Amino acid sequence: MNSLKRLNLSATLSVPTLDNLLLSRCCTFNQFNQILSTMLLTGFLNDGFASSRLLAFSTTSNFIPFDYSVKLFDSLDSPNGFTCNNLMKAYVQRRILDKALGVLKRLLDKGARPDHHTYPILVRGSAVAGKEFEGTELHSQVLRLGFGCDVYVVNTLINLYGVCGNMGDARKVFDGSPVLDLVSWNSILEGYVKKVDVEEARAVFEAMPERSVGASNSMIGLLGKMGFVEEACRVFSCMPEPDLISWSSLISCHVRHEMYEEALSAFQEMYRRGIVIDEVVVVSVLSACAHLRDVKVGQSVHGLVVKIGIEPFLSLMNTLIHMYSSCEEIVAAQKLFQSGYLSDQITWNSMITGYLKCGFVDRARGVFDSMPDKDVVSWSAMLSGYAQTDRFWEATLLFGDMQAGGIRPDETTLVSVVSACTRFVALDQGKWIHAYIKKNHVKVNAILGATLIDMYMKCGCVENALEVFNEMDEKGASSWNALIVGFAMNGFVEKSLETFVEMKKWVEPNGITFLGVLGACRHMGLVDEGRRYFNSMVNVHKIEPTVKHYGCLVDLLGRAGMLEEAEETIMNMPISPDAATWGALLAACRKFRNNEMGQRVGRKLIELQPNHDGFHVLLSNFLASNGNWDDVHKLRGTMAKQGVVKEPGLSSIEVSGVVHEFLAGDRTHSRIIDIEKMLDEIFRRLKMEGYAPDMNEVLYDIDDEEKESNIFRHSEKLAIAFGLIATQEATPIRVMKNLRICNDCHVAAKLISKVFDRDIVVRDRHRFHHFKKGSCSCMDYW
């Protein structure tokens, strides 16, 4: 202020003085007012250039209110083009396009002529605001006033139309311009990149007289996004000096297309060349480490982050938590999370997901309960964690809390809850959630639809599943697959194969589809059809068979008694057979009493998976069925030494929304007395129908009376007995069993459905059995 006071303003005021001595030293609002007052008193404010310099200063100074600058402009008698341009630029910077256009109208109304700077300012403002109509009006004025050949104006018009997605008009401006510079080429290219028009972008890029780094970076980003990875790499390799964005785009391209090792190699080369690294490229690299579960490289990158000082970036912190969680280094993830100086919703959700990935469900719940704010992602993650760890009741209770809190679940949340209902055959809960979906008009996309179909199919409700499918607007391969597999497991094999034929009219089948189709053939012993479908998968649809496809084929052949062909199929597989494939052959050996092959395959299985209880039990039962009790005792001794424990038979039944579970010989249920009375009544009435327990299903070396007692207390019989006393007469009894239903229970269930006139649905490890009036949907083939 003192330096201003010492100046003889009235004597020395000129444009150089204004710029160099006054405005350059002005740093307060009072100082600016002193300069303005002096210009008013001396009449210097009427100098057009001087007033434009003063307005340019006021509109760009943070200590002068913008409204004050507008009043200053309004006080000018005849603002010139320079002055108008300054105010228009200030309006555009503040995204007030209509006011900027008002200044132009005032300029034109006074008969003044805009210059070649005026329209680029306004066209750029239209582009920033996304207002194509206003931009088109300006374009008309440009042509009328003769600025259409100005390359600066042309470039802003190309950019405007490109930003608004109107590449037709952008191309007309580009092609009609007599002069094009590098900015023109970059602008038209950027428009095609934004519109994701690969062909036109390629053509422009190839025709460019000079390719800037920015143009190459745009092409790498576009090609990488659209899956043209090799072409993106070629563009990168032709760049004389790739910059940070070039490397970042290349690495991101590799990560996007699951080329994680290539991404890490590119990063190492980038670092070797001394390219400055930012948080964006590090996030991509850490994502690659997470997918590869390469914690050593991830730790090295983390060390680099600390070294170069970019650790405070929140996105980077979240990615580090995700990387350590994915690599099961949960302590490191927890340490970052608890550092506490940076966190957002993603941070909390990442920590919940990390704990869940590592199996720490209760710790995840602790973080969840501590969250200051929970979004739908938080709820979905926690619900999914409960569903995947078979904690059904916690999932349903949490879903209730979510409803009480007014959080609207999305499709991902609902998929998790419906999946939990599926795993526990909680049909009542599943139906309630389906009703919620309908009531709240939740869009049933392909994934949610497939999950609902799967739930109904696995609860034996085929008609409900079909209703969901028919009501879906968006039917993907997953929806069709759920229907095909569901029909097959419920015994509707012909319907399953008919659905496959219909599917091919709308959607291309995939590997899961053929697992369903082969499963359908397997359930009914359709050997020739199964072979034909397998060959069609390979030769017509060009799908490479997995070990699961071969396992289905082996099981199909084995169930049909073609043991030699089944074994030959295993021996000729181009991939190593897994234990499940050998297990299918062993089950067939037991069924057809092929002692020599059965023992050989059984011992092979135990070599492959020495701790698998099912294979030990299967071989033990096989030996027992052939009377080889010495070998049975030796095998069970080996199981005891190795700590292999047989998985107990477990059956569950839902009654009034509560799931009841039963083990074989269980006496812990609160209504066990009533259940045992019903068992006695069942046994009495079945004997009147000619039922005799199948003693071969009890392969222990004990007397027949004890065998009869053991076999009649199998878990599914207990569940069925409970269903008879706990449900209304017209209600189907639905039982889920964790193991394959035995022959005796299958016979008993058929007779119970007849003598008690009740529909019984049993879902075992392999398929559904719909028992009705003394027959089963599987037609005794399972």
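What counts and how
Here the residue numbering is sequential within each chain, running from 1 through the sequence in written order. Residue-level local features of this predicted model are given only where pLDDT is at least 70; pairs of side-chain atoms are given and counted only at 80 or more, and the full residue set underlies all totals for whole chains, interfaces and linings. Values reported for side chains reflect all heavy atoms of the structure, with hydrogen atoms and water molecules removed beforehand. UniProt positions are given in the numbering used here, feature names are shortened, and annotations may be inferred rather than shown by experiment. When DSSP locates at least two bridges between a pair of strands, those strands are taken to pair. Numbering goes from the N terminus for both helices and strands, where a helix is a DSSP run of H or I of at least four residues and a strand is a run of E of at least two. Salt bridge criterion: a side-chain nitrogen from Lys or Arg within 4 Å of a carboxyl oxygen from Asp or Glu. Each residue gets one of three labels from its accessible area relative to the maximum for its type: buried under 20%, exposed over 50%, partly exposed in between, using a 1.4 Å probe on protein chains only. For the purposes of this analysis, a disulfide is any pair of cysteine sulfur atoms at a distance within 2.5 Å. The span one expects for a helix is its residue count, reduced by one, times 1.5 Å. Contacts: residue pairs with any heavy atoms within 4.5 Å of one another. When the centres of two rings from Phe, Tyr and Trp lie within 6.5 Å, Trp using its six-membered ring, the rings pair. Their planes under 30 degrees apart give stacked, over 60 give edge-to-face, and anything left gives tilted. Here, axes are lines fitted to C-alpha atoms. For helices the fit covers the stretch in contact, and angles between N-to-C directions go from 0 to 180 degrees. If an angle is under 35 degrees, it is roughly parallel; if it is over 145, roughly antiparallel; if it lies from 65 to 115, roughly perpendicular; otherwise it is oblique. The crossing is said to be left-handed when, going from far helix to near helix, the turn is anticlockwise and less than a right angle, and right-handed when the turn is clockwise. We call Asp, Glu, Lys and Arg charged. Ala, Val, Leu, Ile, Met, Phe, Trp, Tyr, Cys and Pro are nonpolar, and the rest, Gly among them, are polar.

- You'll find the protein entered in an unreviewed UniProt entry as DYW domain-containing protein, with Kalanchoe fedtschenkoi given as the organism.
- Note on the protein: under the UniProt heading Sequence similarities (unreviewed entry), the record states "Belongs to the PPR family. PCMP-H subfamily."

1. A few points about the pairing of strand β2 (residues 658-663)
Residues in a regular strand point their side chains to alternate faces of the sheet.
Then comes step 1: Looking at chain direction, strand β1 (residues 650-655) and β2 are connected through six bridges and run antiparallel. Counted as the bridge partner of Leu 650 is Leu 663 from β2.

2. What to know about the pattern of salt bridges
Then comes step 1: The final tally for this structure, using the stated rule, is 32 salt bridges.
Then comes step 2: Its salt-bridge partner being Glu 596, residue Arg 600 comes within 3.2 Å of it at the nearest N-O pair. With a gap of four residues between them, Arg 600 and Glu 596 both fall in helix α38 (residues 595-608), about one helical turn apart.
Then comes step 3: Judged by its relative accessible area of 38%, Arg 600 is partly exposed.
Then comes step 4: Exposure remark for Glu 596: the relative accessible area of 52% places this residue in the exposed category.
Then comes step 5: Here Arg 671 and Asp 674 are joined by a salt bridge, their closest N and O atoms 3.5 Å apart.
Then comes step 6: Here Arg 671 falls in the partly exposed class, since its relative accessible area comes to 33%.
Then comes step 7: Taking relative accessible area as the criterion, Asp 674 reaches 33% and is therefore assigned partly exposed.

3. Digging into the state of the cysteines
Then comes step 1: Under the definition given, this model contains zero disulfides.
Then comes step 2: With no disulfide of its own, Cys 745 has Cys 742 as its nearest cysteine by sulfur position, at a separation of 3.5 Å.

4. As for helix α13 (residues 182-194)
Then comes step 1: The terminal C-alpha atoms of α13, which comprises 13 residues, lie 18 Å apart, in line with the 18 Å expected from a rise of 1.5 Å per residue.
Then comes step 2: Residues of α13 that are buried sit in contact with α11 (151-163), α12 (167-176), α14 (198-207) and α15 (213-225).
Then comes step 3: In the segment just after α13, Val 196 is the residue with positive phi, at about 55 degrees.

5. Re the packing of aromatic side chains
Then comes step 1: Enumeration over the complete set of coordinates arrives at 23 aromatic pairs.
Then comes step 2: Relative to Tyr 68, the ring of Phe 32 has its centre 6.4 Å away and its plane inclined at 70 degrees; by these criteria the two rings are edge-to-face. Here Phe 32, found in helix α4 (residues 29-42), pairs with Tyr 68, found in helix α6 (residues 66-75); they are 36 residues apart in sequence, far enough to count as distant.
Then comes step 3: On the numbers, 6.1 Å between centres and 25 degrees between planes, the contact of Trp 432 with Tyr 436 is stacked. Highlighted residues: Trp 432 and Tyr 436, both in helix α28 (residues 427-439), separated by four residues, approximately one helical turn.

6. A short note on the environment of Gly 476
Then comes step 1: Along the chain, the position of Gly 476 falls in the loop between α30 (462-471) and α31 (477-489).
Then comes step 2: According to the relative accessible area criterion, Gly 476 is buried, its value standing at 18%.
Then comes step 3: Considering only alpha carbons, one finds Gly 476 and Ile 447, 29 residues apart in sequence, at a separation of 8.0 Å.

7. Re the packing of helix α25 (residues 376-388) against helix α27 (residues 411-423)
Then comes step 1: It is at 8 Å that the axes of α25 and α27 come closest, and there the two elements cross at 15 degrees. With respect to α27, the element α25 is oriented roughly parallel. In terms of crossing hand, the pair formed by α25 and α27 is left-handed. Contacts between α25 and α27 pair Val 376, Ser 380, Leu 383, Ser 384, Ala 387 and Gln 388 from the former with Thr 412, Thr 413, Ser 416, Val 417, Ala 420 and Arg 423 from the latter.
Then comes step 2: Grouping the amino acids of the contact of α25 with α27 by side-chain chemistry returns five nonpolar, six polar and one charged.

8. With respect to the sheet that holds strand β5 (residues 768-772)
Then comes step 1: Ordered in space as β2-β1-β3-β4-β5-β6, the six strands form an open sheet in which the pairing is mixed. Both edges of this open sheet fall to β2 and β6 (775-776), since each of them pairs with a single strand only.
Then comes step 2: Each of β4 (760-763), β5 and β6 is contacted by helix α44 (residues 743-755), which is oriented at about 35 degrees to β5, the strand it contacts most.

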